[in-house]
Amino acid sequence: MKAPKAYRLAVALGLLAVVIHLPGLDDAGLTWDEPKYMDLAVGIQEWTSRVIFGPDRMEALSREVIAAQWDPPEVDFYNPHPPFFKIAMAASDAIVGRWMGTVPAMRLASLVWFALLVTAVTLVAGWRWSTAAALGAGLAMLTMPRVVGHAHIAATDTPLTLFWFVGTLATVGFLRTEQRKWLVLGGVAVGLAMATKFTGYLLPVPLFLWILVYHRNRRGLLAAGFIVAVGLGVAILMNPLAWHGPIEFTRKLIEESLDRESIIPINTYYMGYKYGYVVPWHQSPVMLLITTPVPLLSLFLLGTAAALARWKTEAVAALCVLQLVFFMVVMGLPSSPNHDGIRLFLPLFPFLALLMGRGLHRLNGSLRQQVRPGMYRGAALSALTLFYLPPAAQTYSYAPFYLSYYNEMVGGLSGAVLRGFEATYWYDAMLPEFLDAVNELVKPGDHIAVWPSRPYYEELQRYGYLRDDVVITETIPSTYYLQLSRLSNFDAIQWAVYNHVQPVLSVTHDGVELAALYSWASPDSATAEDSD
């Protein structure tokens, strides 16, 4: 594919991502981690203002002030992640917050990362294979509901995915062209991945494995080593918390990230069982299969088969397959966290999109050979519609509950819940309009018992989503009971309420209750109390 054409298509799809999703940035509920991330982003804004405008610039650069502003000890929140994604949130809010409001402005950073990711994936597929591959890979990114969902949330996962992808493919670019610009881009991207989340420190592993297979020479290893070294420098530079002790900070980050089971164990609901930190090894591949649209899975299988059939010459496609194997192996280890659906292996999905594009490229080649020239355009358009219209329609229909998407293999969301999979997990179902209805119903002084996290609902009060003249409590019975359907956090009382009590207000999708408000004074609520 010619470079100008690749650029135009990639930019067009990246802009399309922004145009489609910008209006919906405030639709999803404030997710579990966002309030604290936003608080920390505001602290970064305040610190930056002190450094730029003074008058106490030198004091602002001290270890104590940096710690107080970037990771305040009084914050009741385990936050192990390096701060680059919060820097981006702070910058986004500073630029457009006065017009958009704080929440959508900080979420805008994730949408921008996503748009750049769509652009990058499209470019790589176009340069490596064809226009069909570029279109197929870019559209795949735009029609995987769970990937799209993360573009609406101010958190670590979308920026990490972008930097992982760019850092990996920039290394490939240098090995193919020997142009130094790829070394610089790769080093910066790897560094930003490390400055976003501990997972970024794992990026060199599949990269070195791929180099050992396809570039068994000193040059390839030196190039990767240089990129990793630059990346470590960038990670420290972008993280003031590491300035006064980079080795100490990095050691602490690695130790805490590898000891998550004892620090912050999070339950997982899988196939009808509530697991603690360790889940069955097959959880991640199963989640991958049932949360990716089936037509895209078909293209993925076609692209993977084409790559394996010509693996000696299909180095880029083989790299994508290696990424798949790497993430499935890592996620299958007992030491790896597996909660929150596909979120913890989100960096895999751009590589899957490339294989989907490779699959469309192969299909398009078959059509050119087997269909008469006068009928080719119609056949190609029919194939594009067949493989991408259903995922696009599903992505649209699940908005803003993208993170609750399941495909036809388990019967959608309702079938997945019947088969023992998580309904929702990150409070995105706590929609602003639902909370508006709650605010209209409750009265000043009412007690609202909440599940599963009282501090989260207190954050909703502080951000103005939930009225501040009601009392948030964990004690039941109370005037009302507000519950998120995160099944992995359910105990006996939550299951009793969920299965037997009619809510006074609820958020549902595909017939599944995702969040609900119950009145303990109602006749139905007595059933819940009796069941307890």
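Residues numbered from 1 in each chain as written. Predicted model: local features only at pLDDT ≥ 70, side-chain atom pairs only at ≥ 80, totals over all residues. Heavy atoms only, no water.

In terms of regular secondary structure, the protein is built from 24 helices and seven strands. Expected size for 532 residues packed as a compact globule is a radius of gyration near 24 Å; at 24 Å, the protein falls within 12% of this value. For the protein, the spread of C-alpha atoms along the principal axes amounts to about 70 × 65 × 45 Å. Taken across its 532 residues, the protein has 58% of its residues classed as buried. Long-range contacts, defined as pairs at least 24 residues apart, comprise 76% of the intrachain contacts of the protein with a sequence gap of at least 6. Carbon and sulfur atoms make up 62% of the accessible area of the protein, which amounts to about 22100 Å² in all. Both charge centroids of the protein, one from 37 positive and one from 41 negative side chains, sit 21 Å from each other. (Helix = DSSP H or I, 4+ residues; strand = E, 2+ residues; numbered from the N terminus. Rg over C-alpha atoms; globule rule 2.2 N^0.38 Å. Buried < 20%, exposed > 50% of the residue type's maximum accessible area, 1.4 Å probe, protein only. Contact = heavy atoms within 4.5 Å. Areas by Shrake-Rupley, 256 points an atom, 1.4 Å probe, with all protein chains shown as cover. Lys, Arg positive; Asp, Glu negative; His and termini not counted. Charge placed at Lys NZ, Arg CZ, Asp CG, Glu CD.)

This part covers the packing of aromatic side chains. Taken as a whole, this structure holds 31 aromatic pairs when the rule is applied. Where Phe326 meets Phe327, the ring centres are 5.4 Å apart and the plane angle is 75°; that geometry is what we call edge-to-face. Classification of Phe326 by relative accessible area gives buried; the value is 10%. Aromatic pair Tyr427 and Tyr457: ring centres 5.6 Å apart, planes at 90°, arrangement edge-to-face. Taken together, the positions of Tyr427 in the loop between helix 20 (412-418) and helix 21 (432-441) and Tyr457 in helix 22 (residues 454-462) put the pair 30 residues apart, joining distant regions of the chain. Across the pair, exposure class does not vary: Tyr427 and Tyr457 are buried alike. Within the aromatic cluster, the residues linked to one another by ring pairs are Tyr270, Tyr273, Tyr275, Tyr406 and Phe421. Over the ring of Trp99 we find Arg98, and its NZ or CZ is 5.5 Å from the ring centre. Over the aromatic face of Tyr406 sits the side chain of Arg146, whose NZ or CZ is 4.8 Å from the ring centroid. (Phe/Tyr/Trp six-rings, centres within 6.5 Å; stacked < 30°, edge-to-face > 60°. Lys NZ or Arg CZ within 6 Å of the ring centre and 35° of its normal.)

Right, let's get into a nonpolar patch on the surface. On the surface, Val205, Leu209, Leu212 and Leu221 cluster together into a nonpolar patch covering about 310 Å² of accessible area. Sort the elements by how many residues they give to the nonpolar patch and helix 11 (residues 204-214) lands first, with three residues. (Patch = residues over 30% accessible without salt bridge, like charges linked within 9 Å, V, L, I, M, F, W, Y side chains within 5 Å. Salt bridge = Lys/Arg side-chain N within 4 Å of Asp/Glu carboxyl O.)

This part takes up the pattern of salt bridges. If you walk through the whole model with that rule in mind, you get 19 salt bridges. For Lys36, the salt bridge is made with Glu459, and the minimal N-O distance between the two is 2.6 Å. With a gap of 423 residues between them, Lys36 in helix 2 (residues 34-53) and Glu459 in helix 22 connect regions that are remote in the sequence. Here Lys36 matches Glu459 in class, with each residue buried. Of the charged contacts in the structure, one is a salt bridge between Arg50 and Asp56, with a shortest N-O distance of 2.5 Å.

The subject of this paragraph is the pairing of strand 6 (residues 505-509). With five bridges connecting them, strand 6 and strand 7 (residues 512-519) associate as antiparallel partners. Paired with Thr508 across the bridge in strand 7 is Glu513. Hairpin geometry of strand 6 and strand 7 is characterised by an intervening segment of two residues between the two adjacent antiparallel strands and by a positive phi of about 55° at Asp510. (Pairing = 2+ DSSP bridges.)

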